[in-house]
Amino acid sequence: MAKTIFINSSPNRGGNTAKLAAALLAGRDYETIDLCDYVIGGHRQTLPGDQYGAGLGPAPGADTVGLGSPGHPPNPSGPLRRFIPRPHVPVERGRVSRR
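On a predicted model such as this, the values are computed, not experimentally measured, just so you know.

Trainee: How would you summarise the nonpolar core if you had to cite specific residues and measurements?
Mentor: With 8 residues, the main nonpolar core is built from I5, I7, I33, L35, I40, A62, L80 and F83. If you list the elements that add at least two residues to this core, you get β1 (4-8) and α3 (78-83). Setting aside residues up to four positions removed in sequence, L80 forms contacts with S9, L35, L67, G68 and S69.

Shown next, in the form of structure tokens:
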């Protein structure tokens, strides 16, 4: 069965971004990950309590991933900008991995 995940980067869990996703994904079974529920450091940043791997691990197992950000053109929200450049597979220190 196909797995669909919607990553909501809005600070409002049930706001317009989530409503738009619900309309676009109507009829599909999908899981929502609200980035506002996680502490996510920037790329290569060591942040105590960083939860990037804690609840965001399902995304690599998804067949479809939707990204939602509040409408602040031309830039996506800060949480989404921190999430996107992070590696989606844990990499051991000293090893380089590219996809």
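Structure shown, so let's carry the discussion forward.
Trainee: Give me the side chain of T4: which residues, what numbers.
Mentor: Checked against the element boundaries, T4 lands in strand β1. At 3.2 Å, the side chain of T4 forms a polar contact with the side chain of R28. Once residues within four sequence positions are removed from consideration, T4 is found in contact with L25, R28, D29, Y30, E31 and T64.

Trainee: An account of the side chain of S10 is requested, with residue identities and associated values reported.
Mentor: Within the secondary structure, S10 sits in the loop between β1 and α1 (16-24). At 3.0 Å, the side chain of S10 and the backbone nitrogen of N12 are in polar contact.

Calculation notes
- Residues numbered from 1 in each chain as written.
- Predicted model: local features only at pLDDT ≥ 70, side-chain atom pairs only at ≥ 80, totals over all residues.
- Heavy atoms only, no water.
- Core = buried A, V, L, I, M, F, W, Y, C linked by side-chain atoms within 4.5 Å.
- Buried < 20%, exposed > 50% of the residue type's maximum accessible area, 1.4 Å probe, protein only.
- Helix = DSSP H or I, 4+ residues; strand = E, 2+ residues; numbered from the N terminus.
- Contact = heavy atoms within 4.5 Å.
- Polar contact = N/O pair within 3.5 Å; in protein donor to acceptor, adjacent residues only side chain to side chain.

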